[in-house]
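Here is what each chain is made of, one letter per residue.
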Amino acid sequence: MHLNHTFKATVVWTLKEGESTSKPRTFSRNHSVHISDFKPDLSVSAAKAFRGDDSCYNPEDLLLSALVSCHMMSYLYVCTQNGIEVIHYTDNAEAFLKVNPSGSGFFNRAILKPLVTITEASKKDLAIQLHEKAHHLCFIANSCNFPIEIQPEIVVNTL
């Protein structure tokens, strides 16, 4: 049985006084993304390299954030299934965007670098292997059309 879930977002952008979309170098790319009445709206713009406001989130950062967050949650899930106690998780991930001369672009790869602290040294090898299983479970990774490399590091802290 397949389960289906629907996610919704509303984007709101308004041209500011004195700006014109006929002058692409001058109008603001700032907009808001509304996901729920129970969550704060996201302030979003283009990346700074594309005339965006660097104080706002940008779609490229949000895509990478979704990927690393989903991988982490999938990883914690498979660790729970395998009796591995995780006490800390960080990931300094990178994604690489290629822009074509036409102005179109795409991510051509991402590298996840999870640093995971577990409590049992005897489960270190399994903890590394479970990143592959987590990757195959990750909804966002399964939706990406670019290669995703995972370079995990496991640290043991017996508390």
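A short tour of the structure in this document, coming up. Only a predicted model underlies this, so the values are computations on that prediction, with no experimental measurement involved.

On to the side chain of Ser 45, then. Looking at where Ser 45 falls in the secondary structure, it is placed in the loop between strand 3 (42–44) and helix 1 (59–81). At 2.8 Å, the side chain of Ser 45 forms a polar contact with the side chain of Asn 30.

What follows covers unusual backbone geometry. With a phi angle near 70°, Arg 51 is a residue other than glycine that sits in the positive phi range. Considering the arrangement of structural elements, one finds Arg 51 in the loop between strand 3 and helix 1. Taking relative accessible area as the criterion, Arg 51 reaches 40% and is therefore assigned partly exposed.

Position of Arg 29 relative to the elements: it lies in the loop between strand 1 (10–12) and strand 2 (31–34). Buried within the structure, Arg 29 lacks any salt-bridge partner; Glu 19 is the closest side chain of opposite charge, at an N-O distance of 7.6 Å. At 2.7 Å, the side chain of Arg 29 and the backbone oxygen of Phe 27 are in polar contact. Setting aside its immediate chain neighbours within four residues, Arg 29 contacts Trp 13, Pro 24, Val 44, Ser 45, Ala 46, Phe 50 and Arg 51.

Let's shift gears to the environment of Phe 50. For Phe 50, the location among the structural elements is in the loop between strand 3 and helix 1. Classification of Phe 50 by relative accessible area gives partly exposed; the value is 33%. With 21 residues separating them in the primary sequence, Phe 50 and Arg 29 have C-alpha atoms 9.1 Å apart. Once residues within four sequence positions are removed from consideration, Phe 50 is found in contact with Arg 29, Leu 97 and Val 99.

Time to look at the sheet that holds strand 6 (residues 105–112). Strand order in the open sheet formed by three strands is 5-6-8, and the pairing between neighbours is mixed. In the strand order of this sheet, the two ends are held by strand 5 (94–99) and strand 8 (148–150), each with one partner. Neighbour to neighbour, the strand axes of the sheet diverge by 15° on average, direction disregarded. Pairing of strand 6 with strand 8, which is carried by three bridges, proceeds in the parallel orientation. Its bridge partner lying in strand 8, Ile 111 is registered against Glu 149. Strands in contact with helix 1 are strand 5, strand 6 and strand 8; relative to strand 6, the strand with the most contacts, it is inclined by about 35°.

Counted by the stated rule, this structure contains three aromatic pairs. Seen in terms of ring centroids, Tyr 75 and Tyr 89 are 5.9 Å apart; in terms of plane orientation they differ by 50°. Their pairing is tilted. A residue pair is termed long-range when its members are at least 10 positions apart, and Tyr 75 in helix 1 and Tyr 89 in strand 4 (residues 86–91) qualify at 14 residues. What makes Tyr 89 buried here is its relative accessible area of 13%. Seen in terms of ring centroids, Phe 107 and Phe 146 are 5.7 Å apart; in terms of plane orientation they differ by 40°. Their pairing is tilted. Placement of Phe 107 in strand 6 and of Phe 146 in the loop between helix 3 (139–143) and strand 8 is noted, with a sequence separation of 39 residues between them. This pair shows no difference in class: Phe 107 is buried, exactly as Phe 146 is.

Here is what the cut-offs are and how they apply
Residues numbered from 1 in each chain as written. Predicted model: local features only at pLDDT ≥ 70, side-chain atom pairs only at ≥ 80, totals over all residues. Heavy atoms only, no water. Helix = DSSP H or I, 4+ residues; strand = E, 2+ residues; numbered from the N terminus. Polar contact = N/O pair within 3.5 Å; in protein donor to acceptor, adjacent residues only side chain to side chain. Buried < 20%, exposed > 50% of the residue type's maximum accessible area, 1.4 Å probe, protein only. Lys, Arg positive; Asp, Glu negative; His and termini not counted. Salt bridge = Lys/Arg side-chain N within 4 Å of Asp/Glu carboxyl O. Contact = heavy atoms within 4.5 Å. Pairing = 2+ DSSP bridges. Axes fitted to C-alpha atoms, helices over the stretch in contact; angles between N-to-C directions. Phe/Tyr/Trp six-rings, centres within 6.5 Å; stacked < 30°, edge-to-face > 60°.

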